[in-house]
Amino acid sequence: MIEWSDEGALLATRPFGETSVIIEVFSAHHGRHAGVVRGGTSRKVAPILQPGAQLSVTWKARLDSHLGSFTVEPVRSRAAVAMGDRLALAGLNAVCAILAHVLPEREEHAPLYERTIALLDLLGQSDVWPLAYLRWEQVLLDEMGFGMDLSACAVRGVNEELIYVSPKSGRAVSREGAGEWADRMLPLPPVLAGQGDAANTEIVTALGTTGYFIEHRLIKSLGDRPMPVARARLIAAIGRLG
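Fair warning: this is a prediction, and the values are worked out from it, not measured in the lab.

Draft legend 1. Quick peek at the environment of Thr71. Positionally, Thr71 belongs in strand S5 (residues 69-76). In the structure, Thr71 is positioned 34 residues away from Val37 in sequence and 6.3 Å away in space, judged by C-alpha atoms.

Draft legend 2. Summary view of unusual backbone geometry. Its identity is not glycine, yet Arg106 carries a phi of approximately 60°, on the positive side. Of note, Arg106 is situated in the loop between helix H2 (86-102) and helix H3 (110-120). For Arg106, a relative accessible area of 29% corresponds to the partly exposed category. Residues other than glycine seldom take positive phi values, yet Glu161 does so here, at roughly 50°.

Draft legend 3. Highlighting the packing of helix H6 (residues 200-219) against helix H7 (residues 229-240). Contact geometry for H6 and H7: axes closest at 9 Å, N-to-C directions at 165°. The angle between the axes of H6 and H7 places the two elements in the roughly antiparallel class. Here H6 and H7 pass one another in a crossing that is left-handed. When H6 is examined against H7, the residues Asn200, Val204, Leu207, Thr210, Gly211 and Ile214 are found in contact with a partner set consisting of Arg231, Ile235, Ile238 and Gly239. For the contact of H6 with H7, the class distribution of residues is 5 nonpolar, 4 polar and 1 charged.

Draft legend 4. Examining the environment of Tyr164 more closely. Looking at the element boundaries, Tyr164 is found in strand S6 (residues 162-165). Residues Tyr164 and Arg62, 102 residues apart in the sequence, show an inter-C-alpha distance of 52 Å. Among residues more than four places away in sequence, those in contact with Tyr164 are Arg171, Ala172, Val173, Ser174, Arg175, Ala178, Ala182, Met185, Leu186 and Leu188.

Cut-offs and rules
Residues numbered from 1 in each chain as written. Predicted model: local features only at pLDDT ≥ 70, side-chain atom pairs only at ≥ 80, totals over all residues. Heavy atoms only, no water. Helix = DSSP H or I, 4+ residues; strand = E, 2+ residues; numbered from the N terminus. Buried < 20%, exposed > 50% of the residue type's maximum accessible area, 1.4 Å probe, protein only. Axes fitted to C-alpha atoms, helices over the stretch in contact; angles between N-to-C directions. Parallel < 35°, antiparallel > 145°, perpendicular 65-115°, else oblique. Left-handed = near helix turned anticlockwise from the far one by under 90°. Contact = heavy atoms within 4.5 Å. Nonpolar A, V, L, I, M, F, W, Y, C, P; charged D, E, K, R; others polar.

In structure tokens, the structure reads:
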């Protein structure tokens, strides 16, 4: 029998038989991991298994290759915050959907896990959450091997007037360096380069650039999959903040 215990955030659930569910948890030391929760549809357990919930989990299986089963204990719920705030609900759904979509199964990603928990703990703080989410997407791309290099122009090597990102290389491009190819470049707003706070409109622009690399590089590398629609709902919610 193989057994381990960890703490993590619940990403997704799906029915399994009449009374059980399969859950996917993003844990600190075991990455995205699935398992069966027996009696997961019961009145006692079902309220615990809400997206984004922080859980203490123990996984058991006869062999490592088996689906295995989870026993779960609640650490903290994020449902109340999410249900009371449109942006928080959209954000929670987007984070969980993207992670369930792109994370390799059973592969540890500790830096991304820590950043994810910090982001989820900011739910409900609409003044800081959009920028925190943008930084999270940048960490996601870095962790998955598709990060952008925004330190200097890919064409001229300078670090002045960097206003574009090359969709091919993910590197910054200056106004002069873009030349006749400017209309094919992605925008590089200052906030994307880490230059302080920004209006939500600028953050939405920056998310258009990170979203390109998530959709056309990260997700495309995993096969023929669409971008989770929850992300579009989140971008719309941030845009409505003005």
